[in-house]
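Given next are the chains, with one letter for each unit.
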Amino acid sequence: MFEDSLNGPQRAAAMFGDGPLLVVAGAGTGKTTTLAARVASLLERGIPAERILLLTFSRRAAREMLSRAERMTGVGEAGRVWGGTFHAVANRLLRLAGAPLGLRPDFTVLDQADGADVMNLIRQELGLSARERRFPRKETLAAIYSRTVNAGERLGDVLDRHYPWCRDEAERIRDVFQAYTVRKRDQNVLDYDDLLLFWKALAWAPDIRVRLAGLFDHVLVDEYQDTNALQADILEGMRPLEGSAPRNLTVVGDDAQSIYGSRAATVRNILEFPERFPETTVITLEQNYRSTSPILEASNAVIARSRLRHRKTLWTDRAGRRRPTLRTCLDEAQQCRTVCDAVLEHREQGVPLRAQAVLFRAAHHSDLLEVELTRRNVPFVKYGGLKFLEAAHVKDALALLRILENPWDEVSWFRALQLPDGIGPATARRLMDDLAVRRAESAAAPDTEVRSPLTSFLSEPVAVPHAAVEGVQALRAALGDCLDEEALPPAGQIDRLRAFLGPVFARRYEAAAARLRDLEQLEALATSYERRGRFIAELTLDPPSSTGDLAGPPLLDEDWLVLSTIHSAKGLEWDAVHLIHAADGMIPSDMATGDEDEIEEERRLVYVALTRARDALHVYFPMRYYRRPRGLEDPHSYAQLSRFLDADEVRACFEQIAPPTEDPGDVLDVTGSASVDAFLAGLWSD
DNA sequence: CACGCTTATATTTTT
DNA sequence: TATAAGCGTG
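Residues numbered from 1 in each chain as written. Chains lettered and ligands numbered in written order. Predicted model: local features only at pLDDT ≥ 70, side-chain atom pairs only at ≥ 80, totals over all residues.

Counting secondary structure elements, chain A contains 29 helices and 16 strands. Here chain A, with 686 residues, has 42% of them falling under the buried criterion. The contacts in chain A between residues at least 6 apart in sequence include a share of 77% that link residues at least 24 apart. (Helix = DSSP H or I, 4+ residues; strand = E, 2+ residues; numbered from the N terminus. Buried ≥ 20, exposed ≤ 12 C-beta atoms within 10 Å, placed from the backbone. Contact = placed C-beta atoms within 7 Å.)

Ranked by size, the top nonpolar core spans 117 residues in total, and within it Val 23, Val 39, Leu 54, Met 65, Ala 397 and Leu 400 carry the most contacts. Here Leu 400 is in contact with Ala 416, Leu 479 and Leu 497, once residues within four sequence places are set aside. (Core = buried A, V, L, I, M, F, W, Y, C linked by C-beta atoms within 7 Å.)

Take His 346: it is sitting in helix 15 (residues 332–348). On the basis of neighbour count, His 346 is assigned to the buried category, with 20 C-beta atoms found within 10 Å. Taking the C-alpha atoms as reference, His 346 lies 9.1 Å from Ala 616; in sequence the two are 270 residues apart. Those residues in contact with His 346 that lie beyond four places of it in its chain are Val 351, Gln 356, Ala 576 and Ala 616.

Of all 6 residues in strand 13 (residues 574–579), 5 are buried; the element is thus mostly enclosed. Bridging between strand 10 (residues 356–360) and strand 13 involves 4 bridges; their strand directions are parallel. Across the sheet, the residue bridging to Ala 357 is Val 577, located in strand 13. Inspection of the sheet shows strand 13 paired to strand 14 (residues 613–625) by 5 bridges, in the parallel sense. For His 578, the partnering residue across the bridge sits in strand 14 and is His 618. (Pairing = 2+ DSSP bridges.)

What follows is about the protein's contact with DNA strand B. The local shell around DNA strand B holds 29 residues, among which Ser 262, Ala 363, Gly 384, Gly 424 and Thr 427 are the closest. When residues in the surface near DNA strand B are grouped by element, the largest group, 3 residues, is from helix 19 (residues 425–435). Of the residues belonging to the surface near DNA strand B, the class tally is 10 nonpolar, 16 polar and 3 charged. (Near = placed C-beta within 6 Å. Nonpolar A, V, L, I, M, F, W, Y, C, P; charged D, E, K, R; others polar.)

At a minimum axis distance of 9 Å, the contact between helix 15 and helix 16 (residues 367–375) shows a crossing angle of 50°. With respect to helix 16, the axis of helix 15 lies oblique. You can see that helix 15 and helix 16 cross each other, and the crossing is right-handed. Along the contact surface, helix 15 presents Glu 332, Ala 333, Cys 336, Arg 337, Val 339 and Cys 340, while helix 16 presents Leu 368, Leu 369, Glu 372 and Leu 373. Tallied by class, the residues present in the contact of helix 15 with helix 16 amount to 7 nonpolar, no polar and 3 charged. (Axes fitted to C-alpha atoms, helices over the stretch in contact; angles between N-to-C directions. Parallel < 35°, antiparallel > 145°, perpendicular 65-115°, else oblique. Left-handed = near helix turned anticlockwise from the far one by under 90°.)

Attention now goes to unusual backbone geometry. Omega for the bond connecting Ile 587 with Pro 588 falls within 30 degrees of zero, at -5°, which places this linkage in the cis form. By secondary structure assignment, the location of Pro 588 is in the loop between strand 13 and helix 26 (596–610). One non-glycine residue with positive phi stands out, namely Asn 377, at about 65°. Mapped onto the secondary structure, Asn 377 falls in the loop between helix 16 and strand 11 (380–383). Residue Asn 377 is classed as exposed on the basis of its 6 C-beta neighbours within 10 Å. The backbone of Ala 436 sits at a positive phi, close to 55°, despite the residue not being glycine. Relative to the helices and strands, Ala 436 resides in the loop between helix 19 and helix 20 (453–459).

With that out of the way, let us pick up the pairing of strand 10. Of all 5 residues in strand 10, 5 are buried, a share of seventy percent or more. Neither face of strand 10 is left uncovered, since the one carrying Gln 356, Val 358 and Phe 360 and the one carrying Ala 357 and Leu 359 both have all their residues buried. Pairing of strand 10 with strand 12 (residues 561–565), which is carried by 4 bridges, proceeds in the parallel orientation. Opposite Ala 357, over in strand 12, you have Val 562 as the bridge partner.

Before going further, it helps to examine the environment of His 365. Positionally, His 365 belongs in the loop between strand 10 and helix 16. Separated by 275 residues in sequence, His 365 and Gln 640 place their C-alpha atoms 17 Å apart. Setting aside residues up to four positions removed in sequence, His 365 forms contacts with Phe 360, Ile 580, His 581 and Met 586.

Among the structural elements, Gly 384 can be located in the loop between strand 11 and helix 17 (392–405). Take Gly 384: there are 18 C-beta atoms within 10 Å of it, and that puts it in the partly exposed class. Sequence spacing of Gly 384 and Ile 295 is 89 residues, and the spatial spacing of their C-alpha atoms is 25 Å. Those residues in contact with Gly 384, other than ones at most four positions away along the chain, are Ala 363, Ser 564, Thr 565, His 567 and Ser 568.

Bringing helix 2 (residues 31–44) into the picture now. For the α-helix, the turn length of 3.6 residues means that residues three or four positions removed from each other point alike. For helix 2, spanning 14 residues, the distance from its first C-alpha to its last is 20 Å, which sits close to the expected 20 Å at 1.5 Å a residue. A large share of helix 2 lies buried, amounting to 12 of its 14 residues. Looking at helix 2, one finds that the buried residues are Lys 31, Thr 33, Thr 34, Leu 35, Ala 36, Ala 37, Arg 38, Val 39, Ala 40, Ser 41, Leu 42 and Leu 43. A positive backbone phi angle near 100° is found at Gly 46, which sits one or two residues after helix 2. (Expected span 1.5 Å × (residues − 1).)

Looking now at the sheet that holds strand 1 (residues 21–25). By definition, the strands of a sheet pair up through backbone hydrogen bonds, in either a parallel or an antiparallel sense. One open sheet accounts for 6 strands, arranged 3-2-6-7-1-8; its pairing is parallel. Each having just a single partner strand, strand 3 (82–84) and strand 8 (281–285) make up the two edges of the open sheet. Averaged over all adjacent pairs, the angle separating strand axes in this sheet is 10°, with direction ignored. Inspection of the sheet shows strand 1 paired to strand 8 by 5 bridges, in the parallel sense. Bridging across to strand 8, Leu 21 finds its partner in Thr 281. Contacts from helix 3 (residues 59–73) reach strand 2 (52–55) and strand 3, with the element oriented near 135° to strand 3.

Everything listed here is a matter of coordinates, which is why it stays silent on function.
Spelled out as structure tokens, the structure:
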């Protein structure tokens, strides 16, 4: 019986009957176990798997939870549970049931970078790029848009609060956003935010909501502290009628671990849950099973000073003698060496690399360390900050796939048409006009069958500059060969497109061979798919999150160290955790010291990092940085210990270790001073 | 009009 | 450290 392995509150949560349930689960209190057990118990109660909806933060988390539930029940039924992120579920739901909202089931999904590209197109067309005052860049526009939508705030307020330097352009920004919306509808594309917006619309449309709410008997949401206003609205909408019977809604979260303000997540969701869903039962999990007590004490000391509503006191049975260490290093280089040493030392003592992780605030914080690890032959995988899908050459390939899937996709055409030699932005634009990629305004009846631009491109000659004729012909041939999916599955299509892109890359990119190899990765990812559309959608909704996802685990029995941003480390745990760059300016990031709320979130970030550790925790602080991020000041400056650690009560929880005296031999050795010495010696000897 | 060059600029976290 | 705008050339 799986429930025997649960503690009291966990069991209460798992076996809870019907109605709204809020589980406030502190770090390491067995949240995943509890949620999995709840799914298992629902299944045992006879709820059909396909009538359970489990919303998690990542696809990985959903998989993990469902396979655990499966092990608990011993029946292979949990696989039929609707599991995934809000966005992935929206994607499925809207393809099934989006028609009443005017959605066609073959829409394609834009990620944030794609959205930014659309913004850019509009930005140029409206002549905003060439104005006297400089206009927000496309990434900024996309960010403002997303925040406005997700927080459900007025544009003006968002600008005031988060983008004051764009305030004066409010009118123009509004124009861009308006055009952006029209564009998306015409092109049959949805961005991340649309997925949620349309789901919400579906859940609240009077005639549809009954049907939609009727799909599920139970809805469970993990990491509720990191959901935003829009997502809370969706949940509220997922019930048949106003004031109808209490919804069977379970949310699990920890306000102390809310770290996604950037996605407009708001702790208010979890704080106000009981008011929003009357008759909520609240269960709090406080027994920590993860960390030793010295580690837990240090974590508690860090979070103690934040103002949280759901006050929890985590406790543990796990005695442990070793206090976490706080290691001051002379500089970043020494930090690298110290971390490597500590990692290897742990491994000597029997903690494999896989049971260790190095955590940091921003993806690039591990750059130097990666060099050092490579030098020392320590294998690692890195989570977070992976820009596979953002690399220009991968986008090139995806643009081609997307045209095949959705020939109305403007940005993809714009990109693809510029691939052949001799075609630049101007010609590409003209070609798109010729092909009528931009449909005759949205006013035109959406259902009238229009000739697809792709059909036109493949069957009719287009006027191109002399120099580009050959290249365009090659593009046409490549697309034409990939058209029939029955004949050529997605992986095969990528293979065919690679043949076309080979010469293109050779001409355009420095390291063409390496870029072509990335397309092999893409092909490998596609092998398990039969439908191109599904492949593209899942790739955008669940992009490879680590270098390991791409390369596959180096070797099955090989051991590797995990490097991860703190954000990507959410929900994970390791025997030994190394937190690097614990300096003010890094954590809190000096990008995030704008207001009180941002700083508080940075504190929670530190808390999340510390609470990932089971047995050993090491925090590293370089005293000196040589390259200040934005340095007009002197090239090297002294750093302060992160303000979240720099309090007596906190420091007292750590064993503080002064910078090791540098072994001069070690330093000089690497820099090739031996050759200088040899040179000098040569001067003197004779 | 494309393309290669130079110079300015802005750098978090992620579905 | 990348990328994006700006400029000159073919």
